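Inside the fold
Okay, here's what each chain looks like letter by letter:
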Amino acid sequence: MGNADPLRRQARAITSLQNQSVKAIRALHMRKVRRQSGLFVAEGASLLLMARDAGWPPTTLAYLAASAKAGVNAALVAWACAAGAECLEVAPAVLGKLATKDNPQTVLGVFEQRWARPPDPATLPSSGLWLALEGVRDPGNLGTIIRTLHAVGASGAMLIGSTVDPYSREAVRASMGSIFHVPLLRLNCAAFLALRSQWLGEVVGTELSACQDFRAQPYRHPVLLVMGSEGAGLSSALAAACSRRVKIPMAGRLDSLNLAVATGLMLYEVCRERLKL
Ligand SMILES: C[S@@+](CC[C@H](N)C(=O)[O-])C[C@H]1O[C@@H](n2cnc3c(N)ncnc32)[C@H](O)[C@@H]1O
């Protein structure tokens, strides 16, 4: 390759779709493979820069050779190689098969998934804000919500019950890299209810049948905000566990707001006092 950079000299040039590393990255499109391997893919320099900011190095970096001579991709390759990642210089046709078709990028990374432990309610900071999402189905909604949690400086998200995979490519992409900055954990309903029973602040449920306006009174922190699924809404078990249930008013005759929009409105209302320009 005639490459004078000692780090980039570690990189392997790949032109074949039959290469084992290429096949392994392609297989991460499948949820089953992500679950078994504990890995996921993030595409594009801006997401990888968010990973670097979070101190979350890739296990593998694949990039177009021509794109890494200078600029941001060169910096990403140097970072990934220095962190011990497998660095693959791939041909355009190979990257075309690795990347999502409607989102062509010049670089992508494979990362280990991280799952947080449940917070200890006894030691939570009084400003703490956690989101519980029950049965979220749409990866775009989940990624958008993770991005909004990052924006408001929330403590993290609990995924309750059977949910979409936050490490799917669509969710990672919709998070715009905030997936690297927001702690995520999975809980079943019983574990969530046990955690809730020790919660010292308010547990706020959002429901279309609630009678209280979501702006009626300030929220007492630490707040645990509970949102229902796109189809069924909040289950009766989780609704009954909330200390306050609120509704976002709607003027038009419609069923509900989109989950990500409703979550965004709630998060900004809960943070009204502490989030200033
Ligand atoms: C698309 S909605 C679910 C609609 C579902 N058909 C139902 O009856 O609840 C998804 C979630 O967003 C939240 N949500 C949407 N619109 C809301 C509103 N106007 N007020 C309060 N929460 C809302 C709730 O948490 C709800 O469970």
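Preceding this section is the structure that the text describes.
Quick summary incoming for the structure in this document. (Residues numbered from 1 in each chain as written. Predicted model: local features only at pLDDT ≥ 70, side-chain atom pairs only at ≥ 80, totals over all residues. Heavy atoms only, no water.)

**Observations regarding the overall build of the chain**
Broken down by element type, the chain carries ten helices and twelve strands. Viewed in the frame of its principal axes, the chain has a C-alpha envelope of about 70 × 35 × 35 Å. In the chain, buried positions account for 50% of the 277 residues. Excluding contacts between residues fewer than 6 apart, the proportion of contacts in the chain whose partners are at least 24 apart in sequence is 80%. For the chain, the computed accessible surface area is about 13000 Å², with 54% contributed by carbon and sulfur atoms. For the chain, the distance from the average site of its 30 positive side-chain charges to the average site of its 19 negative ones is 4 Å. (Helix = DSSP H or I, 4+ residues; strand = E, 2+ residues; numbered from the N terminus. Buried < 20%, exposed > 50% of the residue type's maximum accessible area, 1.4 Å probe, protein only. Contact = heavy atoms within 4.5 Å. Areas by Shrake-Rupley, 256 points an atom, 1.4 Å probe, with all protein chains shown as cover. Lys, Arg positive; Asp, Glu negative; His and termini not counted. Charge placed at Lys NZ, Arg CZ, Asp CG, Glu CD.)

**A short note on helix α8 (residues 189-197)**
Among the residues of α8, those classed as buried are Phe192, Leu195 and Arg196. Buried residues of α8 fall within an arc of 100° about the axis and therefore sit on the same side. Exposed residues lying more than 90 degrees from the buried face of α8 are Ala190 and Ser197. Its buried side turned inward, α8 meets β6 (129-134), β7 (156-160), β8 (184-187), β9 (203-206), β11 (223-227) and α9 (236-240). At the N-terminal end of α8, a side-chain oxygen is found 3.2 Å from the backbone nitrogen of Ala190, two or three residues along, and the residue is Asn188. (Arc of directions from axis to C-beta. Polar contact = N/O pair within 3.5 Å; in protein donor to acceptor, adjacent residues only side chain to side chain.)

**Quick word on the nonpolar core**
One finds Phe111 and Met266 to be the most contacted residues of the largest nonpolar core, which totals 53 residues. Ranked by the residues each element gives to this core, the list is headed by helix α10 (residues 259-270), at six residues. There are two domains that each give this core at least three residues, and those are domain 1 (6-112) and domain 2 (121-270). Beyond its immediate sequence surroundings of up to four residues, Met266 is in contact with Val204, Thr206, Phe214, Tyr219, Leu225, Met227, Val246 and Ile248. Membership of the second largest hydrophobic core comes to 17 residues, among which are Trp130, Leu185, Trp199 and Val226. (Core = buried A, V, L, I, M, F, W, Y, C linked by side-chain atoms within 4.5 Å. Domains from an automatic or database assignment.)

**Considerations on the packing of aromatic side chains**
The description of two aromatic rings rests on the distance between their centres and on the angle between their planes. Per the stated rule, a full pass over the model turns up seven aromatic pairs. With centroids separated by 5.9 Å and ring planes inclined at 35°, the aromatic side chains of Phe40 and Phe180 adopt a geometry described as tilted. Note that Phe40 is positioned in strand β2 (residues 39-43) and Phe180 in the loop between α7 (169-175) and β8, a separation of 140 residues in sequence. According to the relative accessible area criterion, Phe40 is buried, its value standing at 0%. The buried category is assigned to Phe180, whose relative accessible area is 5%. (Phe/Tyr/Trp six-rings, centres within 6.5 Å; stacked < 30°, edge-to-face > 60°.)

**Description of the site of the ligand**
Taken together, 19 residues sit near the ligand, with Thr206, Gly228, Gly231, Ile248 and Leu257 positioned nearest. Here a nitrogen atom of the ligand sits 3.2 Å away from a polar atom, N or O, in the main chain of Gly231. One nitrogen or oxygen atom from the main chain of Ile248 is found 2.9 Å from a nitrogen atom belonging to the ligand. Protein contact buries 88% of the 570 Å² of open area that the ligand shows by itself. Judged by the fraction of its atoms near the pocket grid, the ligand is located in the largest pocket. Grouping the constituent residues of the shell around the ligand by class yields nine nonpolar, six polar and four charged. (Near = heavy atom within 4 Å. 1 Å grid on protein atoms, 1.4 Å probe; cavity = no way out; pocket = protein on both sides within 12 Å on 5 of 7 lines; lining within 4 Å. Sits in = over half its atoms within 2 Å of the grid points. Nonpolar A, V, L, I, M, F, W, Y, C, P; charged D, E, K, R; others polar.)

**Quick look at the sheet that holds strand β1 (residues 12-14)**
Pairing in this open sheet of five strands is mixed, and the strands run β1-β4-β3-β5-β2 from one edge to the other. Looking along the sheet, the strands with just one partner apiece sit at the ends: β1 and β2. Within this sheet the neighbouring strands show an average axis-to-axis angle of 25°, counted without direction. Here strand β3 (residues 60-64) pairs with strand β5 (residues 107-112) via four bridges, running antiparallel. Across the sheet, the residue bridging to Tyr63 is Val107, located in β5. (Pairing = 2+ DSSP bridges. Axes fitted to C-alpha atoms, helices over the stretch in contact; angles between N-to-C directions.)

**Things to note about the sheet that holds β9**
The pairing of strands in a sheet happens through backbone hydrogen bonds and is either parallel or antiparallel. Overall, parallel pairing links the seven strands, which are arranged β8-β7-β6-β11-β9-β12-β10 in an open sheet. Sheet topology places β8 and β10 (212-213) at the edges, where each strand pairs with a single neighbour. In the sheet, β9 pairs with strand β12 (residues 244-247) via three bridges, with the strands oriented parallel. When the bridges of β12 are listed, Val204 appears paired with Arg244. Running over the sheet, helix α6 (residues 139-152) touches β6, β7 and β8 and is turned about 170° from β6. Contacting β6, β9, β11 and β12, α10 crosses the sheet at an angle of about 165° to β11.

Function cannot be inferred from these measures alone, as they are strictly geometric.
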